[in-house]
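Structural characterization, general
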Amino acid sequence: MLSQQENYMAVDSSNLAKKGQDILVRLTSSMKTAQIYELNNLTLIKQVNILFMFIQDALQNESEAKLQLRENTLFFNSVRIKYDFATYESFKFLAAEFKKKEIGVISFDPGLIEDELKAFIVFFANTPEAEDHPFEVFQKQLKTQKMDHVFLEKLHPFEKLSTLEEKDAKKLAQKVFFKSITHLQEVFEREKEQKRVHLKTTRRLMQSIVNLIIQDETFMVGLSNIKNYDEYTLNHSINVCVLSMCLGRRLGLDKHELMELGIASFFHDIGKLEIPKEILDKPGRLTIQEREIIERHPHLGAEILVRLKEFSYLPVRALYVALEHHLRLDLSGYPKVWKKNSINLYSQIVEICDFFDAVTTDRPYRKRTFTRYEALSMMLEKSGEEFNPHLLKIFTNMVGVYPIGSLVALDTGEIGIVSEVHSDVSSLLQPKVKLITDSQGNKIDGETVDLRIPQSEKTGSTRKIIKSLNPQEYNIRISDYFVAEVEQPAFAT
Ligand SMILES: [Fe+2]
Ligand SMILES: [Fe+2]
């Protein structure tokens, strides 16, 4: 139980986080407005006024109002700002602005006046970053503006590195992804032989995945396109794990919670270890008895997890997820439940990611694989019945209407793969697309085009997606485009 003092501290930090969130959103909208309008524009004045009031409010109890970029996330004074559906865009914008100018901290001191704040916003938004020593140059320019209550600190070199070494980060992401698959294979083998499994390694891998997702969520979602059909359960488990953690992050879970969600989703299908492979991989229709056997895997999974010698390293929620991941929101699905009970949040997250990955993967018993677009449309039809509508909305936004990894035909005759989706709703139909054929159908290693940007400045016309294609029919392995530089380890059979 929390002591009274601890209680106050908890309330204080959640208040502070909320204040930080408000300031983040308002600072972003003021800067965006200042990039377009003049100093005395009414919209800008209004935006700055609201921001000023938020800062003043924070300064009533705090000696400063400080936004800091650290570990690829933003802190307000000492508290980490959590992101949700609405604030994620603001975070991305502001973090990019900080990095461009190598700024680690912007702090406002008591005594700040509204005109000074407005002048700072306009100056910040309209001063291009210098190629060399951007922080030093910007600070020098700022000093000439005589702003006595705004202070800057330089970005820590490590934070800078995290953006500069993007290529290395991608390699690392791929490495961790494949390492997780081999680790799960090892866990499965050791469990079969009743040997101690290394859950400490699982925790470490999950921690790395959390950090990689924070660094580049898009790339991690892209990796979930890797489908190794022979080792379906292993590959599927890590895909579900990555997607679940990305979704969890968008819900505002903290690092520790994300790690627990990662472990839980990583082991969600561990019960399949006890289902004969002939049934799991049987081509064609299952008999009633075979279906019953498969439907035992949630129970079996929970039992295996409880039996693990290193059980204490497992979050309790892993048991819920193993048991509940085939239960739909309306409690249809399996195992059958007789008591109306709510399903654990982690299980609801995993249910969505599990379904999405399963139906987009080729399996011997499935007549045809759904494209990612079709899978999402089908899930949206069942929103509110089978899937939690709030989670599904965020998931849809995360993977996009044309999810990352979709193969799409453009109105120019070109074919491409969706490589990045924009999070603002108005651009959901205009993702970034890596071109893989020209308009004549010849294979090319084409550029990545942003469908929001006109093809030619003269006509102003943009490329448009006309339909989503099935990669199988075109003999294209989507994962090849996300794993270009790292060798895939051979899977032991
Ligand atoms: Fe399952
Ligand atoms: Fe599954």
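Preceding this paragraph is the structure being described.
In this text, all values refer to a predicted model and were calculated from it rather than measured experimentally.

Turning our eyes to something else, we now look at the layout of surface pockets. Approximately 880 Å³ is the volume attributed to the second largest pocket. Around the second largest pocket, the lining is made up of 25 residues, and of these Leu286, Arg291, Tyr334, Tyr365 and Arg366 lie nearest the centre. Those elements that provide at least two residues to the lining of the second largest pocket are helix 10 (232-250), helix 13 (288-294) and helix 16 (345-359). The element contributing the most residues to the lining of the second largest pocket is helix 16, with 5 residues.

Here the focus is the nonpolar core. Note on soluble globular proteins: their nonpolar side chains tend to be buried together. Counting 88 residues, the largest nonpolar core has Met206, Ile209, Phe267, Leu305 and Phe395 as the members making the most contacts within it. Among the elements that make up this core, the one with the highest residue count is helix 10 (9 residues). Excluding residues that lie within four positions of it along the chain, Ile209 makes contacts with Val176, Ser180, Met220, Ile238, Val242 and Met245. Leu16, Tyr88, Ala95 and Leu155 belong to the second-largest nonpolar core, a separate cluster that totals 45 residues.

Time to look at the coordination of the iron ion (ligand 2). Bound to the iron ion (ligand 2) on the protein side are His236 (NE2), His268 (NE2), Asp269 (OD) and Asp354 (OD), at distances that span 2.0 to 2.3 Å. Around the iron ion (ligand 2), the 4 donor atoms sit at angles spanning 78 to 173 degrees, and that spread fits a shape best called irregular. Site description for the iron ion (ligand 2): donor spacing in sequence, H-x31-H-D-x84-D. Metal-to-metal, the separation of the iron ion (ligand 2) and the iron ion (ligand 1) is 3.4 Å; Asp269 coordinates the two. With His236 in helix 10 and Asp354 in helix 16, this pair connects stretches of sequence that are 118 residues apart. Both residues of the pair, His236 and Asp354, count as buried.

A few words now on empty space enclosed by the protein. By the definition in use, this model includes 2 cavities of 30 Å³ or more. Approximately 40 Å³ is the volume found for the second largest cavity. Ala169, Lys170, Ala173, Leu212, Gln215, Asp216, Phe219 and Met220 are the residues that line the second largest cavity. Counting residues per element, the ones that place at least two in the lining of the second largest cavity are helix 7 (166-192), helix 8 (199-215) and helix 9 (217-223). Counting residues per element, the lining of the second largest cavity draws most heavily on helix 7, at 3 residues. Taken together, the residues of the lining of the second largest cavity break down into 5 nonpolar, 1 polar and 2 charged.

Counted by the stated rule, this structure contains 9 aromatic pairs. Judged by centre distance (5.2 Å) and plane angle (70 degrees), the ring pair of Phe355 and Phe387 falls under edge-to-face. Of this pair, Phe355 sits in helix 16 while Phe387 sits in the loop between helix 17 (372-381) and helix 18 (389-399); the two residues are 32 residues apart in sequence, bridging distant segments of the chain. A relative accessible area of 12% means that Phe355 is categorised as buried. With a relative accessible area of 0%, Phe387 lands in the buried category. Pairing Tyr373 with Tyr402 gives two aromatic rings, centres 5.2 Å apart and planes at 20 degrees, and the pair type is stacked. Here Tyr373 is found in helix 17, whereas its partner Tyr402 is found in the loop between helix 18 and strand 6 (407-410), with 29 residues between them in sequence. On the accessibility criterion, Tyr373 (32% relative accessible area) is partly exposed. Residue Tyr402 is classed as buried on the basis of its relative accessible area of 9%. Clustering of aromatic rings is evident, with ring pairs tying together Phe108, Phe120, Phe123, Phe124 and Phe138.

What follows is about the coordination of the iron ion (ligand 1). The iron ion (ligand 1) binds to the protein through Asp269 (OD), His297 (NE2), His325 (NE2) and His326 (NE2), with metal-donor distances spanning 2.1 to 2.3 Å. Taken together, the 4 donor atoms surrounding the iron ion (ligand 1) define angles of 88 to 178 degrees at the centre, an arrangement classified as irregular. Here the donor residues of the iron ion (ligand 1) share one chain and are spaced in sequence as D-x27-H-x27-H-H.

With that out of the way, let us pick up the pairing of strand 7 (residues 415-420). Looking down a regular strand, the side chains alternate between one sheet face and the other. Relative to strand 7, strand 6 is paired through 3 bridges, and the arrangement is antiparallel. Counterpart to Ala409 in the pairing with strand 7 is Ile415. As consecutive antiparallel partners, strand 6 and strand 7 are separated by 4 residues, and within that stretch Gly413 has a phi angle of approximately 95 degrees, a positive value.

What follows covers the pattern of salt bridges. A side chain with one charge may pair with a side chain of the opposite charge, provided their charged atoms come close. Evaluated as defined, the whole model comprises 19 salt bridges. One salt bridge in this structure joins Lys282 and Glu290, with 2.8 Å as the shortest N-O distance. Arg328 is the partner of Glu351 in a salt bridge, and the nearest nitrogen-oxygen pair spans 3.4 Å. Of this pair, Glu351 sits in helix 16 while Arg328 is found in the loop between helix 15 (317-324) and helix 16, placing the two residues 23 residues apart along the sequence. We note that Glu351, like Arg328, is buried. Several salt bridges converge on common partners, so that one network encompasses Glu97, Lys100 and Lys101.

Calculation rules
- Residues numbered from 1 in each chain as written.
- Chains lettered and ligands numbered in written order.
- Predicted model: local features only at pLDDT ≥ 70, side-chain atom pairs only at ≥ 80, totals over all residues.
- Heavy atoms only, no water.
- 1 Å grid on protein atoms, 1.4 Å probe; cavity = no way out; pocket = protein on both sides within 12 Å on 5 of 7 lines; lining within 4 Å.
- Points joined across faces, edges and corners; volume = space filled by probe spheres on them.
- Helix = DSSP H or I, 4+ residues; strand = E, 2+ residues; numbered from the N terminus.
- Core = buried A, V, L, I, M, F, W, Y, C linked by side-chain atoms within 4.5 Å.
- Buried < 20%, exposed > 50% of the residue type's maximum accessible area, 1.4 Å probe, protein only.
- Contact = heavy atoms within 4.5 Å.
- Donors = N, O, S within 2.8 Å, 3.2 Å for Na, K, Ca; no water.
- Tetrahedral: all angles 85-135°; square planar, octahedral: opposite > 155°, others 65-115°.
- Nonpolar A, V, L, I, M, F, W, Y, C, P; charged D, E, K, R; others polar.
- Phe/Tyr/Trp six-rings, centres within 6.5 Å; stacked < 30°, edge-to-face > 60°.
- Pairing = 2+ DSSP bridges.
- Salt bridge = Lys/Arg side-chain N within 4 Å of Asp/Glu carboxyl O.

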